[in-house]
Amino acid sequence: MPVLPGAEPYRHEGGETGVLLCHGFTGSPQSLRPWARYLAERDLTVSLPLLPGHGTRWEDMAVTAWPDWYAEVDRELRLLRERCSRVFVAGLSMGGALALRLAARHGDAVSGVVVVNPAIKVHGLSAYALPVARHLVRTTRGIASDIAKESAAELGYDRVPLHAAHSLRSFFRLVDGELPQVTQPLLLLRSPQDHVVPAVDSARVLGRVSSTDVTEILLEQSYHVATLDHDADRIFAESLAFIGRLAPRVGEEGTTAGG
């Protein structure tokens, strides 16, 4: 199936510092593209891949699982490491969980982690029903476009395939167990008004990682997809400042973009 317009992956060859951006469950690179371009304009090397099964139609996602999604970002991280002296990982929602697992597994190869409204658990009674329900019902209603800003919209599926959701639950359990292995500097940005991921997920991340350099920022004006919401500019600026503090030469070589 062709990729939906706007859901294409994004890459930019910049300086010696690289950033890998991971989009969320049933979403696409569209939700992070403005962030990716902001970083690219400041001469960072940026990779924003399209996860398998995403950006086309939900039927394609129904035959994928978490190992497919994680393998894609793992591959992109390895490519960035070949090109860059420092690499940071970042993500929105499930993309935050992907970024955290990359940090846990790759250790010193990851210089820092930025997560926005990270998801770490499938909540509610539906989570316990998934092992059986996925064999009876193919999909449930979508979770895309939880945004306060009226002029913004997220390009994501309007249905959630339950086979994929069941795999997501397994992935979250895995990542939760690996959080103590995350030792890198961490910037966590979260929206108090998030209708997709509850605050307890961010609290769980903050409470279980082993990082000693940790910053939490509240995004008071945004819902779940904060990267397209009222606080988007703050996310972009805070992430750049975080990266610049850990890789001091960032931004010194001009503001050219591409991709």
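The model shown is predicted, which means the values in this text are computed figures rather than measured ones. (Residues numbered from 1 in each chain as written. Predicted model: local features only at pLDDT ≥ 70, side-chain atom pairs only at ≥ 80, totals over all residues. Heavy atoms only, no water.)

With that settled, the discussion passes to the side chain of N117. Summarising the element assignment, N117 is placed in the loop between β5 (112–116) and α5 (125–133). Under the relative-accessibility criterion, N117 is labelled buried at 3%. There is a polar contact of 2.8 Å between the side chain of N117 and the backbone oxygen of H224. Not counting residues within four places of it along the chain, the set of residues in contact with N117 comprises S93, L189, R190, S191, D194, V197, Y223, H224 and A226. (Helix = DSSP H or I, 4+ residues; strand = E, 2+ residues; numbered from the N terminus. Buried < 20%, exposed > 50% of the residue type's maximum accessible area, 1.4 Å probe, protein only. Polar contact = N/O pair within 3.5 Å; in protein donor to acceptor, adjacent residues only side chain to side chain. Contact = heavy atoms within 4.5 Å.)

Take the sheet that holds strand β3 (residues 45–48) next. The strand order across the open sheet formed by seven strands is β1-β3-β2-β4-β5-β8-β9, and the pairing between neighbours is mixed. The two strands at the open ends of the sheet, each matched to only one other strand, are β1 (10–12) and β9 (214–218). Averaged over all pairs of adjacent strands, the angle between strand axes in this sheet comes to 15 degrees, irrespective of strand direction. As defined by bridge partners, strand β2 (residues 17–22) adjoins strand β4 (residues 86–92) across six bridges and the pair is classed as parallel. (Pairing = 2+ DSSP bridges. Axes fitted to C-alpha atoms, helices over the stretch in contact; angles between N-to-C directions.)

Looking now at the confidence of the model for the protein chain. Averaged over the protein chain, the pLDDT score is 92; the fraction of residues at 70 or greater is 91%. Contacts from residues 253–259, a stretch scored under 50 in pLDDT, to residues over four places away or in other chains number 18 contacts. (pLDDT = per-residue confidence, 0-100.)

Moving on: helix α1 (residues 33–41). Listed in full, the buried residues belonging to α1 are R33, W35, A36, Y38, L39 and A40. Contacts made by the buried residues of α1 are with β1, β2, β3, β4, β5 and α8 (232–246).

Further remarks concern the nonpolar core. Residues F25, L100 and V113 are the most contacted members of the largest nonpolar core, which totals 42 residues. In terms of residues, this core owes the most to one element, helix α4 (residues 94–106), which gives eight residues. Among all residues touching F25, those that are not within four sequence positions of it are H54, M61, W69, M94, I143, V160, A164, A165 and L168. In terms of nonpolar packing, the next biggest core, distinct from the first, is built from 34 residues, V46, F88, F236 and L246 among them. (Core = buried A, V, L, I, M, F, W, Y, C linked by side-chain atoms within 4.5 Å.)

This part takes up the side chain of H12. Mapped onto the elements, H12 comes out in strand β1. For H12, a relative accessible area of 7% corresponds to the buried category. A polar side-chain atom of H12 sits 3.4 Å from the main-chain carbonyl oxygen of A40.

Moving on: unusual backbone geometry. For D43, which is not glycine, the phi torsion reads 70 degrees and is therefore positive. Its place among the elements puts D43 in the loop between α1 and β3. One non-glycine residue with positive phi stands out, namely S145, at about 70 degrees. Its place among the elements puts S145 in the loop between β6 (139–141) and β7 (159–161).

What follows is about the pairing of β3. Burial along β3 is two-sided: T45 and S47 and V46 and L48, pointing in opposite directions, are all buried. Two elements, β1 and β3, share three bridges in a ladder whose sense is antiparallel. Looking across to β3, one finds that H12 is bridged to V46. Pairing analysis gives three bridges linking β2 to β3, with the strands arranged parallel. Across the sheet, the residue bridging to L20 is S47, located in β3. In terms of handedness, the path from β2 via α1 over to β3 forms a crossover that is right-handed. (Right-handed = clockwise from strand over helix to strand, strands pointing away.)

Let us look at the environment of P248. Assignment of secondary structure puts P248 in the segment after α8. P248 sits 70 residues away from E178 along the chain, and the two C-alpha atoms are 29 Å apart.

Counted under the stated rule, the structure contains 16 salt bridges. Put simply, E178 and R105 hold a salt bridge, and the shortest N to O gap is 3.9 Å. With E178 in helix α6 (residues 162–178) and R105 in helix α4, this residue pair connects regions lying 73 residues apart in the sequence. Across the pair D213 and R245 runs a salt bridge whose closest N-O atoms are separated by 2.9 Å. Of this pair, D213 sits in the loop between α7 (199–208) and β9 while R245 is found in helix α8, placing the two residues 32 residues apart along the sequence. Put simply, R11, E72, R75 and E76 are held in one network by salt bridges that share partners. (Salt bridge = Lys/Arg side-chain N within 4 Å of Asp/Glu carboxyl O.)

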